[in-house]
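Next come the chains, spelled out residue by residue.
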Amino acid sequence: MTVIPTAATPHPAPVITHAEEDHPAYLWRDGHILPWADANVHASSLGWSTMAAVFEGIKAYANPHTGVQWGWQFAEHYQRFAQSMRLQRMRPEFTPVELADISRELLRANGHTGDTYIRPLAWLSDVTWFTDGESSRTSIVIITEPFSSHLRTGRTVKSCISTWIRVGDNQLSPRVKCISNYQNSRLALIEAKRNGFDQPILLNQAGKVTEGPASCLFLVRDGVMITPSLTSGVLESITRTALIRLCREELGLTVQERDVDRTELYVADEIFFCGTGAEMLPVSSIDHFQVGDGGVGPLTSRLEKVFHDVVRGIHPGYSNWRTPVSHA
Ligand code: PMP
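Residues numbered from 1 in each chain as written. Predicted model: local features only at pLDDT ≥ 70, side-chain atom pairs only at ≥ 80, totals over all residues. Heavy atoms only, no water.

A.B. asks: Can you lay out empty space enclosed by the protein for me, pointing to particular residues and giving the numbers?
C.D. replies: Per the stated rule, a full pass over the model turns up one cavity of 30 Å³ or more. Here the largest cavity defines a volume of roughly 30 Å³. Along its surface, the largest cavity is lined by Lys 59, Tyr 61, Trp 72, Thr 239, Gly 275, Thr 276 and Phe 307. For the lining of the largest cavity, a count of residues per class yields three nonpolar, three polar and one charged. (1 Å grid on protein atoms, 1.4 Å probe; cavity = no way out; pocket = protein on both sides within 12 Å on 5 of 7 lines; lining within 4 Å. Points joined across faces, edges and corners; volume = space filled by probe spheres on them. Nonpolar A, V, L, I, M, F, W, Y, C, P; charged D, E, K, R; others polar.)

Right, dumping it as structure tokens:
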């Protein structure tokens, strides 16, 4: 590559490289497993992770007893990915089933046998400036990366109500897992952290509770599990749906999906965030109101154990949520 120095940039642009151990050997893009360094995007490609770009966060969990790695709810995640692309009027060349197969192939290629994060992203690859992008090709990349689960570690977070309002369905719909929506999340997270909290909770235009910047929310009141409804301005979280079922079937709890007032959080017995990245993340306090005894609440703890055992295939039930990844 020849770099022509200019007055404004007298030195050649720095070449940014990653240490070998910082990234996996391969990623998948548009039909090919590529060496990490070869997966370049042109600098003019504005569609790359901006505006319309949509993504997913998916996990694979290893069973510590058998060593089997289980893809967790691949079908549900790639269905939602397809839904996000549809709502952006993208025309993907790969089906959810193909993308799930590809994810397993990539996990094998990278030798990721432990707990692994899988991050697909779709973008309008012909877009170089603002446009409707409807005639653009849709590119898809999938990246895998090991992660450390905090399930059952006792970790808790301090939360607050954000002054930022959650984007609404007629603005940037929270139902679409679109990169642009996360500017709303990011502003709330920055504010919360600068004010000494870990995770904000955003309200919607009507002042009702929605979710965290990248996770849904449950609260417990008098033994009843409550979560904001899917029309309150939340992502259609796959973890939320799984936990509702586990609460009912494994713990015999009543679950309510409904509008939630802010002050219900201040009097809740237990609160936790949930999501693929968040897993289950108990809240120790909200706006300086201690939640329960400030630790992991009793129902949260029981649910966390069930969830932990199901995702790792220690609990044999719910097998249609898990797909084994063969590394033989
Ligand atoms: N809400 C938002 C805004 C998120 O980014 C996420 C993470 N995907 C969630 C909720 C939780 O969704 P899921 O359980 O499908 O990961």
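A.B. asks: Now, about the pairing of strand 14 (residues 270-275): what can you tell me, with residues and values included?
C.D. replies: Burial within strand 14 is extensive, with six of its six residues counted as buried. What you see with strand 14 is no split at all: Glu 270, Phe 272 and Cys 274 on one side and Ile 271, Phe 273 and Gly 275 on the other are buried throughout. Pairing between strand 11 (residues 216-221) and strand 14: five bridges, direction antiparallel. Bridge assignment links Val 220 to a residue of strand 14, and that residue is Glu 270. Alignment of strand 14 against strand 15 (residues 279-286), held across four bridges, turns out to be antiparallel. The residue bridging Phe 273 from the neighbouring strand is Leu 281, located in strand 15. (Buried < 20%, exposed > 50% of the residue type's maximum accessible area, 1.4 Å probe, protein only. Helix = DSSP H or I, 4+ residues; strand = E, 2+ residues; numbered from the N terminus. Pairing = 2+ DSSP bridges.)

A.B. asks: I'd love a proper account of helix 4 (residues 238-251), names of residues and values included.
C.D. replies: Here helix 4 contains 14 residues, and its C-alpha end-to-end distance of 19 Å stays within 8% of the 20 Å for a straight helix at 1.5 Å per residue. Within helix 4, the full set of buried residues consists of Ile 238, Thr 239, Arg 240, Ala 242, Leu 243, Ile 244, Leu 246, Cys 247 and Leu 251. The first or second residue beyond helix 4 is Gly 252, which carries a positive phi of 65°. (Expected span 1.5 Å × (residues − 1).)

A.B. asks: Account for the environment of Thr 128, naming residues and giving values.
C.D. replies: On the secondary structure map, Thr 128 appears in the loop between strand 6 (116-124) and strand 7 (138-146). The exposure class assigned to Thr 128 is partly exposed, which follows from its relative accessible area of 45%. Here the alpha-carbon distance between Thr 128 and Ala 100, two residues 28 residues apart in the chain, equals 29 Å. For Thr 128, the residues in contact, after removing those within four places along its chain, are Ser 44 and Leu 46. (Contact = heavy atoms within 4.5 Å.)

A.B. asks: Describe the packing of aromatic side chains, listing the residues and the values that go with them.
C.D. replies: Applying the stated criterion across every chain, the model contains 11 aromatic pairs. For the ring pair Trp 72 and Trp 321, a centre distance of 5.6 Å and an interplane angle of 80° mean the geometry is edge-to-face. Of this pair, Trp 72 sits in strand 5 (residues 69-72) while Trp 321 sits in the loop between helix 6 (298-311) and strand 17 (322-325), placing them 249 residues apart in sequence. Under the relative-accessibility criterion, Trp 72 is labelled buried at 4%. On the basis of relative accessible area, Trp 321 is assigned to the buried category, the value being 7%. Each ring, one from Tyr 78 and one from Phe 81, has its centre 6.1 Å from the other, and the planes form 70°; the classification is edge-to-face. Here Tyr 78 pairs with Phe 81, and both are found in helix 1 (residues 74-87), just three residues apart, close to one helical turn. On the basis of relative accessible area, Tyr 78 is assigned to the buried category, the value being 1%. (Phe/Tyr/Trp six-rings, centres within 6.5 Å; stacked < 30°, edge-to-face > 60°.)

A.B. asks: Account for the side chain of Glu 270, naming residues and giving values.
C.D. replies: Inspection of the secondary structure puts Glu 270 in strand 14. One buried charged residue, Glu 270, forms no salt bridge at all, with the nearest opposite charge on Arg 302 at 8.5 Å. A distance of 2.5 Å separates the side chain of Glu 270 from the side chain of Thr 300, its partner in a polar contact. With near-sequence residues (within four places) excluded, Glu 270 lies in contact with Phe 218, Leu 219, Val 220, Val 291, Gly 297, Pro 298, Leu 299 and Thr 300. (Lys, Arg positive; Asp, Glu negative; His and termini not counted. Salt bridge = Lys/Arg side-chain N within 4 Å of Asp/Glu carboxyl O. Polar contact = N/O pair within 3.5 Å; in protein donor to acceptor, adjacent residues only side chain to side chain.)

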